[in-house]
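# Descriptive structure summary
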Amino acid sequence: MALVVMTVLTVPVFGMRLGSSDQGNDPQGTTTRAAYDMLAAGFGPGFNGPLYLVAEVPDERGRAALDALVGDVRGAAGVASATAMPMRDGASVGVVEVIPTSSPQSPRTSELIERLRAEEIPDAERGTGLRVHVGGETAVNDDFADVLAGRMPLFVGVIVGLGFLLLFVAFRSLVVPATAAVMNLFAAGASIGVVVAFFQWGWISEPFGLGTGPVETFLPVLMLPVLFGLSMDYQVFLVSRMHEEWTHHRDNGRAVIVGQASTGRVITAAATIMIAVFAAFVLGGQRVIAMFGTGLAAAVALDAFVLRTVLVPAVMHLLGRANWWLPRWLDARLPHLSIEAPAEPPAAPPASVPARTDA
């Protein structure tokens, strides 16, 4: 059942769209939201996030190509208007303001940016000296989201890999760090899935007046390190007690039961405090802060109450003695590290003093 819950919560991640929310997500009654709504009503939603085509115009041929591009863009799908700014005589740089028909955070605006770069602009540049670049805050935010989305697998892989190596050396096992890595990925996927459902799909953002929109571009970069840090903390706390019991008795079943019984209350108590702190972020009325708090509260809750107290002990029960297996040749080459300080040897008894005899 726990595995089903984690899998279901992870599904929304595959529909996540990174981007930047705008003032249209601010709560009703704020001046920024009022200004945004008035501009959208008077000039269209795209007026709040115009695109700018900055062109290098080397000669008259390039200027004619720019004029043709303005006409083509004006008639393109998703464009409300395209206006070329006046150019001084002899100027080599031209600027075209493009107003989309959709809001800055809309996926249709992102599609328009891609279409301009892939179709309209290359057609205008072909055979001329014209060079056109798409800019503006909306385009910058869209590019930033694409760059981070492309680096996300590497980012997650480095964090998970380093955690694997640390647990591998500390517990001298291949299965324990592998289990932790899989559980950490489950926790990350499920917590971000909750954020997608609550804010991108609007399950909780709409009731709180925060609107629907993309997941903030920088949110995974900030949230995942905190999540993996807390997850590793709980994992080390739980498994170190199991490892201690295994070292003394070589009984995996006993080690798992004793470890879970000894650390379960502490883990859940600490997690409850963190959940209360992070959940309070939702009440501030700020979309970005609420998104961050919701993601971390969900991550801690799932990690402490589902993964570390249910799934991890269950998997370790099933794997039995394989949890602590390590090839001898690898064991001989690993440095000896310990989570716990080595036990001090018992103090030697004081030397006996011979009785003094009087002559």
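Small disclaimer: the values here were computed from a predicted structure and weren't measured. (Residues numbered from 1 in each chain as written. Predicted model: local features only at pLDDT ≥ 70, side-chain atom pairs only at ≥ 80, totals over all residues. Heavy atoms only, no water.)

## Notes on the sheet that holds strand S3 (residues 79-84)
Taking strand neighbours across the sheet as the criterion, the 4 strands line up as S3-S4-S2-S5 in an open arrangement whose pairing is antiparallel. Of all strands in the sheet, those bounded by a partner on one side alone are S3 and strand S5 (131-135). Each strand axis lies, on average, 20 degrees off the axis of its neighbour in the sheet, ignoring direction. Judged from the 6 bridges that link them, strand S2 (residues 51-56) and strand S4 (residues 93-100) form a sheet pairing that is antiparallel. Looking across to S4, one finds that Leu51 is bridged to Val98. In the packing of helix H3 (residues 60-74) onto the sheet, contacts are made with S2, S3, S4 and S5, and the angle to S3 comes to roughly 165 degrees. (Pairing = 2+ DSSP bridges. Helix = DSSP H or I, 4+ residues; strand = E, 2+ residues; numbered from the N terminus. Axes fitted to C-alpha atoms, helices over the stretch in contact; angles between N-to-C directions. Contact = heavy atoms within 4.5 Å.)

## A short note on the packing of aromatic side chains
On inspection of all chains with the given rule, the structure shows 4 aromatic pairs. Aromatic side chains Phe43 and Phe47 sit 4.7 Å apart centroid to centroid with 25 degrees between the ring planes, which places their arrangement in the stacked category. Pairing Phe164 with Phe168 gives two aromatic rings, centres 6.2 Å apart and planes at 15 degrees, and the pair type is stacked. Of this pair, Phe164 and Phe168 both sit in helix H5 (residues 137-171), 4 residues apart, which is roughly one turn of that helix. (Phe/Tyr/Trp six-rings, centres within 6.5 Å; stacked < 30°, edge-to-face > 60°.)

## Things to note about the pairing of S4
Note that S3 and S4 share 5 bridges and pair antiparallel. Looking at the pairing, Ser81 lines up with Ile99 of S4.

## Overview of the packing of helix H7 (residues 219-249) against helix H8 (residues 252-279)
At a closest axis distance of 8 Å, the pairing of H7 and H8 adopts a crossing angle of 160 degrees. Considering the angle they form, H7 stands roughly antiparallel to H8. In the packing of H7 onto H8, the handedness of the crossing is right-handed. For the contact of H7 with H8, the residue count by class is 15 nonpolar, 6 polar and 3 charged. (Parallel < 35°, antiparallel > 145°, perpendicular 65-115°, else oblique. Left-handed = near helix turned anticlockwise from the far one by under 90°. Nonpolar A, V, L, I, M, F, W, Y, C, P; charged D, E, K, R; others polar.)

## Considerations on the packing of helix H4 (residues 107-125) against H5
Contact pair H4 / H5: the axes reach a minimum separation of 10 Å and the direction vectors enclose 90 degrees. It follows that H4 is roughly perpendicular to H5 by the angle criterion. Residues Thr109, Ser110, Ile113 and Arg117 of H4 form the contact with H5, whose own contacting residues are Thr138, Ala139, Asp142 and Asp143. Here the contact of H4 with H5 is built from residues that sort into 2 nonpolar, 3 polar and 3 charged.

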